[in-house]
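Report on the structure
One letter stands for each residue in the lines below.
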Amino acid sequence: MKFMKLGSKPDQFQTEGDNIRYVATELATDMVINVGDVKFYLHKFPLLSKSYSLQKLVACTNEENSDEINIHDIPGGPAAFEVCAKFCYGMTVTLNAYNVVAARCAAEYLEMYETVEKGNLIYKIDVFLTSSIFRSWKDSIIVLQTTKAFLPWCEELKVVSHCLDSVASKASIDTSKVDWSYTYNHKKLLSENEIDLHCDVVNKQQLVPEDWWVEDLCELHIDLYKRVITTINAKGRMSPEAIGEALKAYVNRRLPGFSKGKIQGSDPEKYRYLVDTITWLLPEEKNGVSCGFLIRLLQASIALECGQTVRSELKRRVGLQLEEATVGDLLIRAPDSETIMFDIDLVQDLVEQFMLHQKNGQIDCPADNRFPDILPAFASDRSRVKVARIIDGYLAEVARDPNLPLSKFVNLAELVSGFSRPSHDGIYRAIDMYLKEHGITKSERKRICRLMDCRKLSAEACMHAVQNERLPLRVVVQVLFFEQVRATTSSGGGSTPDLTRSVKALLPVGSHGSSTSVTSNTDEDWDAVPTAKELKALKGEFASLRLRDREGNNGSDLNNMKTNAEKVDSSKVKGSMISKKMFSKLWSNKDRLSENSSSDTSESPSSSNAGETKSTPYRSRRQSLS
């Protein structure tokens, strides 16, 4: 820390009690100055020789026949006045970053100008500030912090503006030129000890991180911090990422509980102002701060009941880069007044903001892009895929909440149902978790399962689905069918095989033994949950289809496959009667499947299932064989 010593005489100020200060000399004092609640017994000379203000005050007291001078509004109070008085006496005074502002403002109040006496206090302090304080990184920050107590004096004296310029200039300087002490200094010194003494500028630049200045500025009050960041931005030499890192560090330091998502403290008005200020300091660039930080800032603005304008701005920014979020970022606790665990309505707002940005085409595009019409669309599709996966994972987590209404789950899922994604495993896991944790009706089960496209389940997900007793029979049949289609396609088969004898045996027979006299069952039977026996029967039937398909492609194993196919127990599959109409509907989807397999885009699960719900497949009730 820089300091300056003034005067050479020993300190002769004495204290009597708490409210009396006097100079211990042989010469009796001849003036009393009241500064606040402290009485100073001093001499007219040398004080009047250096202060024009005291000269005027003494003249006024002589006219009023008063023996005392009252000074109650001097900046810095009794302590700052004492520094000025000691300077007048030539006593030793030490100025540093902590007291120089108070002394400068008090000297201005006392009008200790060069016109009164050469080498006066104002001149000496200004030289000290210019030659030492403003050239020091840490001293400039300390002085800037102390100016808050001396407004508007510091503004009029340009002390604040000089500090702001000094700090902003040093923060924006090339890191290879940083040679002063700063927060990361200990790391810098350790690195310097490990390198050769003849290292060049490039090596030195690597020793100083770009955000070396971030932690030191966290000591500033929010008003001053705002002005520093604004001045740094005005310099135009700081990257948006560095500004974002600075804002993140400041909020983590100044807002208790921010990193944990739960604001703590007893001064909500103070913290509300902090969140408002940080929001308007956020870089305009899309990736200036992380999406996770924006979400936590939004969460804090809601908890602190910030204005609607601030919350809307934060939602807009989160929506702009929602694809960068994680499931953990979105798991925001619902207000205490809500019965549900997580704030799913807020997440829905963020997805809607994302969709709005996509609709408006607000996609960052490089300035040198040679294909301006192609890259934005590609980036948009990629962002949609990422957001859809994030929401699928989020739904799987919130589905564990037993109080989560089906409508909230479905509404959020439907928002991203139109986003093309190659796999629906994520939404399947979310649906399965909801079915596991909630008891819902057949119609509700049907509604939630429409969110999933069975054609886009992986082999692992299909394997799980065909054994899942929580899914409606309709969904299990679809999964088995599309799995068979995939197996047929991968084995080189040109078309879907016809129904086997086992499938035909499942068809109900009328009184005359003709399938044309069959009456189909209602959709309710197909939307019911299958039994373990029915699941096994369906798997056995489709296994026979797969075996028969392989017979046509591998003659060496023909006999073994026939033997395995014959092992399908017709008595076990009788409990799952599948109508010709249902299989015809399923088989007709084969052509649409081949078309969709050549493209990454697909229709929403709800639209793909719309046609299937119109069929009336038949499932007879379980009965024992006679």
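Residues numbered from 1 in each chain as written. Predicted model: local features only at pLDDT ≥ 70, side-chain atom pairs only at ≥ 80, totals over all residues. Heavy atoms only, no water.

Quick notes on the overall build of the protein
Put simply, the test is: The helix and strand labels rest on DSSP assignments: H or I over at least four residues marks a helix, E over at least two residues marks a strand, and numbering proceeds from the N terminus. Should any heavy atoms of two residues lie within 4.5 Å, those residues are counted as being in contact. Exposure was quantified through the Shrake-Rupley algorithm and a 1.4 Å probe, taking into account, for residues, occlusion by the shown protein chains and nothing else.
In terms of regular secondary structure, the protein is built from 31 helices and 7 strands. For the protein, restricting intrachain contacts to residue pairs at least 6 apart in sequence, the fraction spanning at least 24 positions comes to 75%. As displayed, the protein offers around 31,300 Å² of accessible surface, 49% of which is attributable to carbon and sulfur atoms.

Observations regarding the packing of helix α13 (residues 240–254) against helix α14 (residues 268–281)
The following threshold applies: For helices, the axis comes from a line fit to the C-alpha atoms of the stretch in contact; other axes are also lines fit to C-alpha atoms, and the angle between any two N-to-C directions lies between 0 and 180 degrees. For this classification, under 35 degrees means roughly parallel, over 145 means roughly antiparallel, 65 to 115 means roughly perpendicular, and everything else is oblique. Residue polarity is assigned by list, with Asp, Glu, Lys and Arg as charged and Ala, Val, Leu, Ile, Met, Phe, Trp, Tyr, Cys and Pro as nonpolar; anything else, Gly included, falls into the polar class.
The interhelical angle for the contact between α13 and α14, taken along N-to-C directions, is 175°, at an axis separation of 11 Å. On the basis of their axis angle, the class for α13 and α14 is roughly antiparallel. Facing α13, whose interface residues are Ile243, Leu247, Tyr250, Val251 and Arg254, α14 presents Tyr271, Leu274, Ile278 and Leu281. Among the residues forming the contact of α13 with α14, the class breakdown is 8 nonpolar, no polar and 1 charged.

Considerations on the pattern of salt bridges
Note the cut-off: Only one rule defines a salt bridge in this text: a Lys or Arg side-chain nitrogen within 4 Å of an Asp or Glu carboxyl oxygen. Burial classes follow relative accessibility: with a 1.4 Å probe on protein chains only, a residue under 20% of its type's maximum area counts as buried, one over 50% as exposed, and anything between as partly exposed.
All told, the structure shown has 25 salt bridges when counted by the stated rule. Close ionic contact of Glu215 with Arg253 constitutes a salt bridge, the shortest N to O distance being 2.9 Å. A residue pair is termed long-range when its members are at least 10 positions apart, and Glu215 in helix α11 (residues 214–217) and Arg253 in helix α13 qualify at 38 residues. Across the pair Arg421 and Asp392 runs a salt bridge, and its minimum N-O distance is 3.0 Å. In this pair, Arg421 sits in the loop between α20 (406–415) and α21 (425–437) while Asp392 sits in helix α19 (residues 375–398), placing the two residues 29 residues apart along the sequence. Here Arg421 and Asp392 have matching classes, each one buried. Linked by salt bridges that have partners in common, Asp11, Arg21, Glu82 and Lys86 make up one network.

As for helix α3 (residues 77–89)
Here is the rule we go by: Working rule for helices: expected span equals 1.5 Å times residues minus one.
Its 13 residues give α3 an end-to-end C-alpha distance of 19 Å, which sits within 8% of 18 Å, the value for a rise of 1.5 Å per residue. Counting buried residues along α3, 11 of its 13 residues qualify, which places the element largely inside the surrounding structure. Of all the residues in α3, the buried ones are Gly77, Ala80, Phe81, Glu82, Val83, Cys84, Ala85, Lys86, Phe87, Cys88 and Tyr89. Just downstream of α3, Gly90 is the residue with a positive phi angle, here 80°.

A few points about the environment of Ile448
Examined against the element boundaries, Ile448 turns out to sit in helix α22 (residues 442–449). Using a relative accessible area of 0% as the deciding quantity, one classes Ile448 as buried. Ile448 sits 39 residues away from Phe409 along the chain, and the two C-alpha atoms are 8.5 Å apart.

Quick notes on the packing of α21 against α22
To be explicit about the condition: We call a crossing left-handed when the near helix sits turned anticlockwise from the far one by less than a right angle, and right-handed when that turn is clockwise.
One can describe the packing of α21 onto α22 by two numbers: an axis separation of 10 Å at closest approach and a directional angle of 160°. Here α22 runs roughly antiparallel to α21, going by the angle between their axes. The interaxial crossing formed by α21 with α22 has right-handed handedness. Here α21 contributes Ile431, Tyr434 and Leu435 to the contact with α22, which in turn contributes Arg445, Ile448 and Cys449. Looking at side-chain class alone, the contact of α21 with α22 contains 5 nonpolar, no polar and 1 charged residues.

Quick look at helix α5 (residues 121–131)
For clarity, the threshold we go by: Picture the helix axis, draw a direction to every C-beta atom, and the arc is the one those directions span.
Looking only at α5, the buried set comprises Leu121, Ile122, Ile125, Phe128 and Leu129. The buried residues of α5 occupy an angular sector of 130° when projected down its axis, which confines them to one face. Tucked inside the fold, the buried residues of α5 contact β1 (3–6), α3, β7 (93–96) and α4 (100–109).

Here we look at the side chain of His43
As a reminder of what qualifies: Counted as a polar contact is a pair of N or O atoms within 3.5 Å, where, for protein atoms, one must be capable of donating a hydrogen and the other of accepting one, and residues adjacent in sequence contribute only when both atoms are in side chains.
Structurally, His43 can be placed in the loop between β5 (38–42) and α1 (44–47). You can call His43 buried: its relative accessible area is 3%. A polar contact of 2.9 Å, which involves the side chain of His43, links it to the side chain of Tyr89. Those residues within four positions of His43 in sequence are excluded, and the remaining contacts are Val23, Thr25, Leu27, Ala28, Thr29, Asp30, Met31 and Tyr89.

Here we look at the environment of Leu157
In this structure, Leu157 sits in the loop between α7 (153–156) and α8 (159–171). Between the C-alpha atom of Leu157 and that of Arg104, which follows or precedes it by 53 residues, the distance is 8.9 Å. Leave out the neighbours within four places in its chain, and Leu157 touches Arg104, Cys105 and Glu108.

Let's talk about unusual backbone geometry
If a residue is not glycine, its phi is most likely negative; likewise, a peptide bond is most likely trans. A cis geometry characterises the amide bond from Leu151 onward to Pro152, with omega recorded as 5°. Relative to the helices and strands, Pro152 is located in the loop between α6 (137–146) and α7.

So, the sheet that holds β5
To keep it simple, the criterion reads: Any two strands with at least two DSSP-identified bridges between them are counted as paired.
With mixed pairing, the 5 strands of this open sheet are ordered in space as β2-β3-β5-β4-β6. In this open sheet, the two strands that pair with only one neighbour each are β2 (13–16) and β6 (68–71). In this sheet, adjacent strand axes meet at a mean angle of 25° when their direction is disregarded. The pairing of strand β4 (residues 31–35) with β6 spans 4 bridges and is parallel. Residue pairing across strands places Val35 opposite Ile71, the latter belonging to β6. Strands in contact with helix α2 (residues 52–63) are β4 and β6; relative to β6, the strand with the most contacts, it is inclined by about 130°. Contacting β2, β3 (20–23), β4, β5 and β6, α3 runs over the sheet at an angle of about 10° to β5.

Some remarks on the confidence of the model for the protein
So the rule is basically this: By definition, pLDDT measures how confident the predictor is in each residue, and it falls between 0 and 100.
Confidence in the prediction of the protein, expressed as mean pLDDT, is 80, and 72% of residues score 70 or more. Here residues 185–205 scores under 50 on pLDDT; set against residues more than four positions off or in separate chains, the count is 14 contacts. For the stretch residues 362–375, pLDDT sits under 50, and the model shows 13 contacts to residues farther than four places along the chain or on other chains.

Overview of the packing of aromatic side chains
Just so we agree on the cut-off: Each pair of aromatic rings taken from Phe, Tyr and Trp, with Trp reduced to its six-membered ring, is defined by centres within 6.5 Å and is described as stacked if the planes are under 30 degrees apart, edge-to-face if over 60, and tilted in the remaining cases. We call a charge positioned above a ring when the Lys NZ or Arg CZ atom is no farther than 6 Å from the ring centre and deviates by at most 35 degrees from the ring normal.
A full pass over the atoms with the stated rule returns 11 aromatic pairs. Ring geometry for Phe481 and Phe482: centres 5.1 Å apart, planes at 65°, overall edge-to-face. Phe482 shares its class with Phe481; the two are buried. Three or more aromatic residues joined by ring pairs make a cluster, and in this case those are Trp137, Trp180, Tyr182 and Trp212. Here Arg333 stacks its cationic end above the ring of Phe342, 5.5 Å away from the centre of that ring.

Describing the nonpolar core
Short version of the rule: To form a nonpolar core, buried Ala, Val, Leu, Ile, Met, Phe, Trp, Tyr and Cys residues must be joined to one another through side-chain atoms within 4.5 Å.
Core analysis: the largest hydrophobic core is formed by 163 residues, its most contacted members being Ile33, Leu42, Trp213, Ile278 and Phe409. Not counting the four nearest positions on each side in its chain, Phe409 is found in contact with Ile344, Leu395, Ala399, Leu404, Ala430, Ile431, Tyr434, Ile448 and Leu451.

With respect to the side chain of Ser380
Here Ser380 shows up in helix α19. Ser380 sits in the buried class, given a relative accessible area of 7%. A distance of 2.4 Å separates a polar atom in the side chain of Ser380 from a polar atom in the side chain of Gln358.

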